[in-house]
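# An overview of the molecular structure
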Amino acid sequence: MKLSIQDKWLIGILCCLMAIFPNCGKSPNEPSTPPKIPPAGTMFVDLSFFRTNPSSQPMQPDAALSKLNFFAALTVVTAFNAAVLIGLSVPAAATAAALSVEPTFESDGKFHWNFSYPEDNPILTLELTAEVRLATVKWEMFVTSPTHTPPLSDFLWYDGESDLDGETGYWQFYDDQQPAQNVETVLIDWQFIADDDRTLTFTNVKVGNPRFGDRLRYQIAGEDVSMLFTEAATGDTVQVAWNMATGEGFIIAPNYRNGQKSCWNSTQDDIDCP
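Residues numbered from 1 in each chain as written. Predicted model: local features only at pLDDT ≥ 70, side-chain atom pairs only at ≥ 80, totals over all residues. Heavy atoms only, no water.

### Regarding the overall build of the chain
Defined as follows: To qualify as a helix, a DSSP run of H or I must reach at least 4 residues; to qualify as a strand, a run of E must reach at least 2; elements of each kind are numbered from the N terminus. Each residue gets one of three labels from its accessible area relative to the maximum for its type: buried under 20%, exposed over 50%, partly exposed in between, using a 1.4 Å probe on protein chains only. Note on definitions: a residue-residue contact is assigned when non-hydrogen atoms from the two residues lie within 4.5 Å. Calculation of accessible area relied on Shrake-Rupley with a 1.4 Å probe; when residues are assessed, cover is drawn exclusively from the protein chains displayed.
What the chain contains, in helices and strands, is five helices and 14 strands. Going through the 274 residues of the chain one by one, you find that 38% of them count as buried. Counting only contacts in the chain whose residues sit at least 6 apart along the sequence, the fraction spanning at least 24 positions is 36%. For the chain, the computed accessible surface area is about 15,400 Å², with 56% contributed by carbon and sulfur atoms.

Below is the structure:
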């Protein structure tokens, strides 16, 4: 069949467009490279300084009296851990476990990671999904556990979004004690450049909870770590900061030493603040 000049011209334009936009003819559901799973450090707070530091172990009363500032900080951090952080340790570990799983791209247009946790004695069956959008990735983690109380079946444990580089995003967690109600509990807004360069803000978003609106900001920059807790009801803040290399730190709390900055040295003994 002989082509007209107009047909040849149209074919030429189409060829140029295909050269410039090689993916324009592909199905939107066609697989591409899986997105990078945000690291567990977007959910995890490193409190090892307080768990492993010799000053946190039992000691003679006279020695303990010289470390009151450190012990006040230890008490605050322990309370933070119990109230906000301890419940997120398993999701963080489960998310890290997904890194060793090869995802599949399925007809819903999402990548799926299917695995069990922990690997040696599974009690959770997990499915992590990722939907790549124009500038973000939408994440969802579903969990099934017949032994959980109450039992869980494809329960939406958490969801969230990250940018395509995986450096900023958020996680929204849901109450596993009320799996049918989809009750929001903790929101984490995060920025993660590296393990030693990240900022996480935890907010209690569970309506009706007496701590609703309370916020914990955790920041690590190199060896310097800080935690800032803000109580929604009063606006009061408590700050604890420490250096992981030197062991020095301080606490500022309204109910401790009249809110004055109170410091400790490398052996966690009380000192005057610089």
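### Details of helix 4 (residues 68-85)
Applicable threshold: Given a helix with a known number of residues, its expected span is that number minus one, times 1.5 Å.
In this model, helix 4 (18 residues) spans 24 Å end to end at C-alpha, consistent with the 26 Å of a helix rising 1.5 Å per residue. Within the span of helix 4, buried status applies to Asn 69, Phe 70, Ala 72, Ala 73, Leu 74, Val 76, Val 77, Phe 80 and Leu 85.

### Focus: the state of the cysteines
In plain terms, the rule: Pairs of cysteine sulfur atoms within 2.5 Å are what we label disulfides.
Scanning all chains against the criterion turns up one disulfide. The residue that forms a disulfide with Cys 263 is Cys 273, at a sulfur-sulfur distance of 2.0 Å. Between Cys 263 and Cys 273 the disulfide shows an S-S torsion of about 115°. By sign, it is right-handed. Of this pair, Cys 263 sits in strand 13 (residues 262-264) while Cys 273 sits in the segment after strand 14 (270-271), placing them ten residues apart in sequence.

### A word on the pairing of strand 12 (residues 249-252)
Short version of the rule: Any two strands with at least two DSSP bridges between them are considered paired.
Note: strand 11 (residues 237-243) against strand 12, four bridges, orientation antiparallel. From the neighbouring strand, Val 240 faces strand 12, where its bridge partner is Ile 251. Hairpin connection from strand 11 to strand 12: five residues lie between these consecutive antiparallel strands, with Gly 247 at a positive phi of about 85°. Relative to strand 13, strand 12 runs antiparallel, the two sharing three bridges. Counterpart to Gly 249 in the pairing with strand 13 is Trp 264.

### A word on the packing of aromatic side chains
Put simply, the rule reads: Pairing of aromatic rings covers Phe, Tyr and Trp, the last counted by its six-membered ring, and requires centre-to-centre distances within 6.5 Å; plane angles under 30 degrees mean stacked, over 60 mean edge-to-face, and any other angle means tilted.
On inspection of all chains with the given rule, the structure shows 15 aromatic pairs. Each ring, one from Phe 111 and one from Trp 113, has its centre 6.5 Å from the other, and the planes form 45°; the classification is tilted. When its relative accessible area of 4% is taken as the criterion, Phe 111 is described as buried. When its relative accessible area of 2% is taken as the criterion, Trp 113 is described as buried. Chaining the aromatic ring pairs together yields one cluster made of Phe 49, Phe 50, Phe 70, Phe 71, Trp 242 and Trp 264.

### Points about the pattern of salt bridges
Keep this limit in mind: A pair is scored as a salt bridge if a Lys or Arg side-chain nitrogen falls within 4 Å of a carboxyl oxygen belonging to Asp or Glu.
Per the counting criterion, the structure on display carries nine salt bridges. Between Glu 231 and Arg 211 there is a salt bridge, and its shortest N-O distance comes to 3.8 Å. One end of the pair, Glu 231, is in the loop between strand 10 (224-230) and strand 11; the other, Arg 211, is in the loop between strand 8 (197-204) and strand 9 (215-221), and 20 residues separate them in sequence. The class for Arg 211 is partly exposed, based on a relative accessible area of 38%.

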